[in-house]
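Commentary on secondary and tertiary structure
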Amino acid sequence: MRTILILIAVVIVILAARRLYATTRRGNSRQIKSGQMVQCARCGIYIPESEALGFRGRHYCSAAHRDADND
């Protein structure tokens, strides 16, 4: 009985170690977007320039804000 419990504990430790190793490898592949942050001309929130909508030299966080500001 004791041998079975030790065997189960070893299997659990191995599975946990494999899962932890896989999680850390996946976590390293994520990349943070870098770049210039710009402020929405309507609400003032800061967003990456690559995600901003530009219109007449101003930046907006959404089409709704761009349209509302240019009516």
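Residues numbered from 1 in each chain as written. Predicted model: local features only at pLDDT ≥ 70, side-chain atom pairs only at ≥ 80, totals over all residues. Heavy atoms only, no water.

1. Things to note about the confidence of the model for the chain
Mean pLDDT over the chain: 87, with 83% of residues reaching 70 or higher. The weakest mean pLDDT in the chain belongs to helix α1 (residues 2-29) at 85; the strongest belongs to strand β1 (residues 37-39) at 95. (pLDDT = per-residue confidence, 0-100. Helix = DSSP H or I, 4+ residues; strand = E, 2+ residues; numbered from the N terminus.)

2. Observations regarding a nonpolar patch on the surface
A grouping of Met-1, Ile-4, Leu-5, Ile-8 and Ile-12 is seen on the molecular surface, where their side chains present a nonpolar patch of about 570 Å² in accessible area. In this structure, Met-1 sits in the segment before α1. Of the residues examined, Met-1 reaches a relative accessible area of 77% and is grouped as exposed. (Patch = residues over 30% accessible without salt bridge, like charges linked within 9 Å, V, L, I, M, F, W, Y side chains within 5 Å. Areas by Shrake-Rupley, 256 points an atom, 1.4 Å probe, with all protein chains shown as cover. Salt bridge = Lys/Arg side-chain N within 4 Å of Asp/Glu carboxyl O. Buried < 20%, exposed > 50% of the residue type's maximum accessible area, 1.4 Å probe, protein only.)

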